[in-house]
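Here is what each chain is made of, one letter per residue.
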Amino acid sequence: MLNVLIIGNGQCGNRVLDAINKEAFGKKSKFAKFYSKQKYKSNVETIAINTAINDLKELEFTKAKDRIHIPHLHGVGANRNVGKQVFEENKEHITRKVEDRGPFDVAFVITSSSGGTGSSFTPLLVKELKERYDFPVYSLVVLPFREEGTLYLQNTAFSLKEIRESGTDGIILADNQFLKDLGGNVQSAYDGINGMIAERMMFLLDSMDSEMMMVTDLGDFQTVMAGGAGLATIGYYRADKDLPVKTAIQNALAPSGLLFSTNIYEEASRAMVIIKGDNEYLSIDDISNEIEKLSANVGHVFKGIIVRKGEYPQVLVVSTMESASEIENLYNVAIDAIGQEREKKNRIENEKEVDKAFSKIDGLEPHY
Ligand SMILES: Nc1nc2c(ncn2[C@@H]2O[C@H](COP(=O)(O)OP(=O)(O)OP(=O)(O)O)[C@@H](O)[C@H]2O)c(=O)[nH]1
């Protein structure tokens, strides 16, 4: 059995973690968390870390003992410099909490790229974990809606670069903007998006720790994640009726199945495809044909099959990217945002000149 650590940093990281814990309770009723056991196959430890106590309080499926509050006002207000300083001051406390739960075979650290707490804690925490332990550490990074403002875009550009340079074994991207644009199945945006990420993470954990007909494991996942430019995304499709397995595979690879905007056939570097369902739906010929089509374009593709009696086909695809045109677009927008912030700061410097002018009359009185 694998020992898995999942950390959620900042509000977004906390909420996605909570959605994973919810998914692990089986979602049947809101009382499930009181009477049912989480259906993790592996030994999974979850930790939510935040500077804002209210963000931690709002979590519903993450146990109180799994929440670490690092007191700092009500968050760090999207200021990554403050966030980094707060992390450094509390580093020992945080790493001791991780140490107490270990040892682990693999870790995932979840954060938004754009806020203050999660995006500044994550690169520093990953670096600490990599320096102290041997296990792989993956980062799951949620990109912002593009209209959320210049500070969030600026934070994204710097945090993504820092996470990439932190020693992380790979970055899995989920993009709020892309998932919102898809519309349809993303009802109330955050809950819908968090649920999409959670069901993919649950499937991924299942596939790394499962007795399968044809096996993929943590080693295969590591090899896939080591490919390409260090960036990956996850695709998923669950059939709710009797559907040919080849259609289910195609749907998992289509934009509507992915967490980030990419064309797998053009941008992917390596992939892992896991198919789950009743034997009755799993035509080996159909599966092999689809995998061959993919590997002709992509390079190496690992495949795994999990037999689940009575279940319609479900497909998970983990794919690393060789190139990511959407990241290039995002950095172009972020550079504009950084320019705007710089100009604003210069204007504030000019205002300081205005202050100087005002201060020239300090101590003087008007005479009439
Ligand atoms: N998908 C998703 N995105 C979220 C959620 N909550 C916040 N975000 C996004 O996260 C970004 C803001 O980062 P947060 O995680 O709220 O910030 P933080 O890390 O807590 O940092 P501070 O609040 O600045 O201390 C924005 O781009 C939001 O759109 C959520 O529940 N789901």
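- As named in an unreviewed UniProt entry, the protein chain is Tubulin-like protein CetZ, taken from Methanohalobium evestigatum.
- The UniProt entry for the protein chain carries the following text under Sequence similarities (unreviewed entry): "Belongs to the CetZ family."
- Listed in UniProt under the heading Function (unreviewed entry), the comment for the protein chain reads: "Involved in cell shape control."

### Some details on the environment of Leu5
Next, step 1: Structurally, the position occupied by Leu5 is in strand S1 (residues 3–9).
Next, step 2: The exposure class assigned to Leu5 is buried, which follows from the 23 C-beta atoms found within 10 Å.
Next, step 3: For the pair Leu5 and Gly102, spaced 97 residues apart in sequence, the C-alpha separation works out to 8.1 Å.
Next, step 4: Discounting chain neighbours no more than four positions away, the residues touching Leu5 are Glu45, Val98, Arg101, Phe104 and Ala107.

### Here's the deal with the site of the ligand
Next, step 1: Gly10, Gly75, Gly115, Gly116 and Pro144 are the nearest of the 26 residues found near the ligand.
Next, step 2: Here the shell around the ligand gets 4 residues from one element, more than from any other, and that element is helix H1 (residues 10–24).
Next, step 3: Split into classes, the residues belonging to the shell around the ligand amount to 10 nonpolar, 14 polar and 2 charged.

### Focus on the sheet that holds strand S8 (residues 268–277)
Next, step 1: The strand order S3-S2-S1-S4-S5-S6-S7-S10-S8-S9 describes an open sheet built from 10 strands, whose pairing is mixed. Each edge of the open sheet carries a strand with a single partner, namely strand S3 (67–69) and strand S9 (300–307). Along the sheet, successive strands turn relative to each other by an average axial angle of 20°, direction set aside.
Next, step 2: Summarising the sheet, S8 and S9 pair through 8 bridges and their orientation is parallel. Considered in S9, the bridge of Lys276 is made with Ile306.
Next, step 3: Against the sheet, helix H4 (residues 80–101) engages S1, strand S2 (43–50) and S3, with an angle of about 170° to S2.
Next, step 4: Against the sheet, helix H5 (residues 117–132) engages S1, S2, strand S4 (106–112) and strand S5 (137–143), with an angle of about 160° to S4.

### Concerning the nonpolar core
Next, step 1: Of all hydrophobic cores here, the largest spans 102 residues; its most connected members are Ala271, Val315, Leu316 and Val318.
Next, step 2: The element best represented in this core is helix H8 (residues 189–208), accounting for 9 residues.
Next, step 3: Not counting residues up to four positions away in its chain, the partners in contact with Ala271 are Val224, Leu294, Val298, Val301, Val317, Val318 and Ser319.

### Section: the domain arrangement of the protein chain
Next, step 1: In terms of domain boundaries, the protein chain breaks down into domain 1 (1–209) and domain 2 (226–337).
Next, step 2: On a C-alpha basis, the centroid separation for the pair domain 1 and domain 2 is 23 Å.
Next, step 3: On the side of domain 2, 22 residues touch domain 1, which itself brings 25 residues to the contact.
Next, step 4: For the side of domain 1 that touches domain 2, the secondary structure elements donating two or more residues are helix H6 (150–164), strand S6 (170–175), helix H7 (176–182) and H8.
Next, step 5: No other element matches the 8 residues that H8 contributes to the side of domain 1 that touches domain 2.
Next, step 6: Among the residues forming the side of domain 1 that touches domain 2, the class breakdown is 14 nonpolar, 5 polar and 6 charged.

### What to know about the UniProt feature "binding site: GTP" (unreviewed entry) in the protein chain
Next, step 1: Per the UniProt annotation, the sites labelled "binding site: GTP" (unreviewed entry) are Gln11, Cys12, Gly13, Asn14, Arg15, Gly116, Thr117, Gly118, Glu148, Asn176 and Asn194.
Next, step 2: For Gln11, the position within the fold is in helix H1.
Next, step 3: By the C-beta count within 10 Å, which is 24 here, Gln11 ends up buried.
Next, step 4: Setting aside residues up to four positions removed in sequence, Gln11 forms contacts with Asn50, Ala52, Asp55 and Gly115.
Next, step 5: For Cys12, a count of 27 C-beta atoms within 10 Å gives the class buried.
Next, step 6: Dropping the residues within four chain positions of it, Cys12 is found in contact with Thr111, Ser112, Gly115, Gly118 and Val142.

Conventions used here
Residues numbered from 1 in each chain as written. Predicted model: local features only at pLDDT ≥ 70, side-chain atom pairs only at ≥ 80, totals over all residues. UniProt positions renumbered as here; feature names shortened; annotations may be inferred. Helix = DSSP H or I, 4+ residues; strand = E, 2+ residues; numbered from the N terminus. Buried ≥ 20, exposed ≤ 12 C-beta atoms within 10 Å, placed from the backbone. Contact = placed C-beta atoms within 7 Å. Near = placed C-beta within 6 Å. Nonpolar A, V, L, I, M, F, W, Y, C, P; charged D, E, K, R; others polar. Pairing = 2+ DSSP bridges. Axes fitted to C-alpha atoms, helices over the stretch in contact; angles between N-to-C directions. Core = buried A, V, L, I, M, F, W, Y, C linked by C-beta atoms within 7 Å. Domains from an automatic or database assignment.

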